[in-house]
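Listed below are the residues making up each chain.
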Amino acid sequence: MAERYLITKEAAVEGPAVPELVKLKMERNTKLAEEKKAAAAAKEKSRAEEREKLAKRTQQYEKDYTSSEKELIALRREAKVNGNFFV
């Protein structure tokens with residue numbers, strides 16, 4: 001990411017007084033950093049939940065697919081035993 005978009009964490013320097021605008025900028029950057037961290041944590045949590053849902057849905061699809069395949073195989077075998085054709 002470009003350096004100009006990074007939120008800097010500037011430490012207060014001892015010695016001469018810090019200008020008011022610099023203090024405001026440091027406070028703003030601190031607040032933005034906390035909000036960014038909270039947003040990243042929330043996004044990570046929602047993605048984890050979404051992955052769980054996808055995994056469950058995939059397992060259900062796989063279960064349905066295998067059961068339908070087994071049913072078709074059973075019907076073909078039954079038709080063959082009875083001397084019929086399964087279409």
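None of the values given here were measured: they were computed from a predicted structure. (Residues numbered from 1 in each chain as written. Predicted model: local features only at pLDDT ≥ 70, side-chain atom pairs only at ≥ 80, totals over all residues. Heavy atoms only, no water.)

**What about the overall build of the chain?**
Then step 1. Assigned secondary structure in the chain consists of one helix and zero strands.
Then step 2. Within the span of the chain, comprising 87 residues, buried residues form 2% of the whole.
Then step 3. Summing over all exposed atoms, the chain offers an accessible surface of approximately 8500 Å²; the carbon and sulfur share of this is 56%. (Helix = DSSP H or I, 4+ residues; strand = E, 2+ residues; numbered from the N terminus. Buried < 20%, exposed > 50% of the residue type's maximum accessible area, 1.4 Å probe, protein only. Areas by Shrake-Rupley, 256 points an atom, 1.4 Å probe, with all protein chains shown as cover.)

**Description of helix α1 (residues 20-81)**
Then step 1. The first and last C-alpha atoms of α1 sit 91 Å apart over 62 residues, in line with the 92 Å expected at 1.5 Å per residue.
Then step 2. Where α1 ends, the next residue or the one after it, Gly83, has phi of about 80°, a positive value. (Expected span 1.5 Å × (residues − 1).)

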